[in-house]
Amino acid sequence: MKKVMVIIDESNSSYDLLVWVLTNLKDVIDSSKVVIFAKQPQNSFTPPTALSSSVGFAQIFYPFSANAELMRLAQEKNTKIALGILEKAKKLCGNYGVKAETFTDVGDVKDIIHKIIQERKINLIAISDQQNRNLKKCLPTTECSLVVVK
């Protein structure tokens with residue numbers, strides 16, 4: 001059985017892409033498994049390890065550690081957003097009579113996509129033209145077909 005993966009995010013163009021795939025690749029989808037992927041953003045918050053304050057000619061340093069709780073809360077928020085995006089996409093697929101598998105992951109999108117293709121044996125990836133601009137460096141080396149929807 002072939003597997004078709006659609007990469008989505010929170011943009012309306014991602015949902016337009018999904019509708020296009022569900023409408024125009026119906027013959028392929030009917031004999032395939034649909035996989036929908038939403039990447040979670042990496043936490044870009046990297047707190048400094050020390051604050052300094054100038055007092056006259058002297059400098060005072062205040063060491064502190066990274067706020068693990070803040071990092072955890074940010075990751076939880078990112079996960080909830082990605083799961084909400086995937087739930088909306090899954091409902092959209094259901095409206096077209098297609099049962100889809102959904103998942104999300106954190107990290108560098110180039111590494112994630114290569115990992116997904118290998119582990120899940122993806123045969124076809126559908127992406128939007130906008131996503132193609134962001135992913136064009138990593139996709140030419142993939143071992144599956146690529147559909148770019150404008």
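The structure displayed is predicted, hence computed values, not measured ones.

A.B. asks: Kindly report on the overall build of the chain, identifying the contributing residues and their values.
C.D. replies: When helices and strands are counted, the chain shows five helices and seven strands. Listing every helix and strand of the chain by position from the N terminus yields β-α-α-β-β-β-α-β-α-β-α-β. Within the chain, the fraction of its 150 residues that count as buried is 33%. The long-range share in the chain, meaning contacts at least 24 apart out of those at least 6 apart in sequence, stands at 66%. As displayed, the chain offers around 9400 Å² of accessible surface, 54% of which is attributable to carbon and sulfur atoms.

A.B. asks: Explain the nonpolar core to me, using residue names and the numbers behind them.
C.D. replies: For soluble globular proteins, nonpolar side chains are generally found buried alongside one another. Counting 23 residues, the largest nonpolar core has Ile-8, Leu-18 and Ile-36 as its most contacted members. Counting only elements with at least two residues in this core, the list comes to β1 (2–8), α1 (12–24), β2 (32–40), α3 (68–95) and β6 (124–128). Those residues in contact with Ile-8 that lie beyond four places of it in its chain are Ser-14, Ile-36, Phe-37, Ala-38, Lys-39, Ile-85, Leu-86, Ala-89 and Gln-131.

A.B. asks: A description of unusual backbone geometry should follow, citing residues and the corresponding values.
C.D. replies: For Lys-121, which is not glycine, the phi torsion reads 55 degrees and is therefore positive. With respect to the secondary-structure elements, Lys-121 resides in the loop between α4 (109–120) and β6.

A.B. asks: Please give an account of the sheet that holds strand β5 (residues 100–106) that cites residues and values.
C.D. replies: In spatial order, the strands read β5-β2-β1-β6-β7; together these five strands make up an open sheet with parallel pairing. With one partner strand each, in any of the chains shown, β5 and β7 (145–149) form the two edges of the open sheet. Averaged over neighbouring strand pairs, the angle between their axes works out to 25 degrees when direction is ignored. Pairing of β6 with β7, which is carried by five bridges, proceeds in the parallel orientation. Of the residues in β7, the one forming a bridge with Leu-124 is Ser-145. Contacts between α4 and the sheet are confined to β1, β2, β5 and β6, with β5 contributing the most and set at about 140 degrees to the helix.

A.B. asks: Quick rundown of the environment of Cys-93? Include the residues and the values.
C.D. replies: Note that Cys-93 resides in helix α3. Classification of Cys-93 as buried rests on a relative accessible area of 0%. Spatially, the C-alpha atom of Cys-93 lies 9.1 Å from that of Val-34, the residues being 59 residues apart in sequence. Setting aside residues no more than four positions away along its own chain, Cys-93 makes contact with Leu-18, Leu-22, Ile-36, Val-98 and Ala-100.

A.B. asks: A description of the confidence of the model for the chain should follow, citing residues and the corresponding values.
C.D. replies: Looking at the chain, the pLDDT average stands at 79 and 77% of residues meet or exceed 70. Strand β3 (residues 50–55) is the least confidently modelled element of the chain, averaging 44 in pLDDT, while α1 averages 92, the highest of any element. Across residues 46–62, where pLDDT falls below 50, the model places 22 contacts with residues more than four positions away in sequence or in other chains.

Calculation rules
Every chain is numbered on its own, with residues counted from 1 as its sequence reads. For this predicted model, a pLDDT threshold of at least 70 governs which residues receive local features, and a threshold of 80 or more governs which side-chain atom pairs are given and counted, while totals over whole chains, interfaces and linings are taken from all residues. The side-chain figures draw on all heavy atoms in the structure; neither hydrogens nor water molecules are used. Secondary structure elements follow DSSP: runs of H or I of four or more residues count as helices, runs of E of two or more count as strands, with numbering from the N terminus. A simple rule labels every residue: compare its accessible area, found with a 1.4 Å probe on the protein chains alone, to the largest value its type can have, and call it buried under 20%, exposed over 50%, or partly exposed in between. Contacts were defined at the residue level, with two residues in contact if any of their heavy atoms lie within 4.5 Å. Surface exposure here means Shrake-Rupley accessible area, sampled with a 1.4 Å probe, where a residue is shielded only by the protein chains that are shown. To form a nonpolar core, buried Ala, Val, Leu, Ile, Met, Phe, Trp, Tyr and Cys residues must be joined to one another through side-chain atoms within 4.5 Å. When DSSP finds two or more bridges between two strands, those strands count as paired. Fitted lines through C-alpha atoms serve as axes, helices being fitted only where they are in contact, and the angles separating the N-to-C directions of these axes extend from 0 to 180 degrees. A residue's pLDDT is the confidence the predictor assigns to it, expressed on a 0 to 100 scale.

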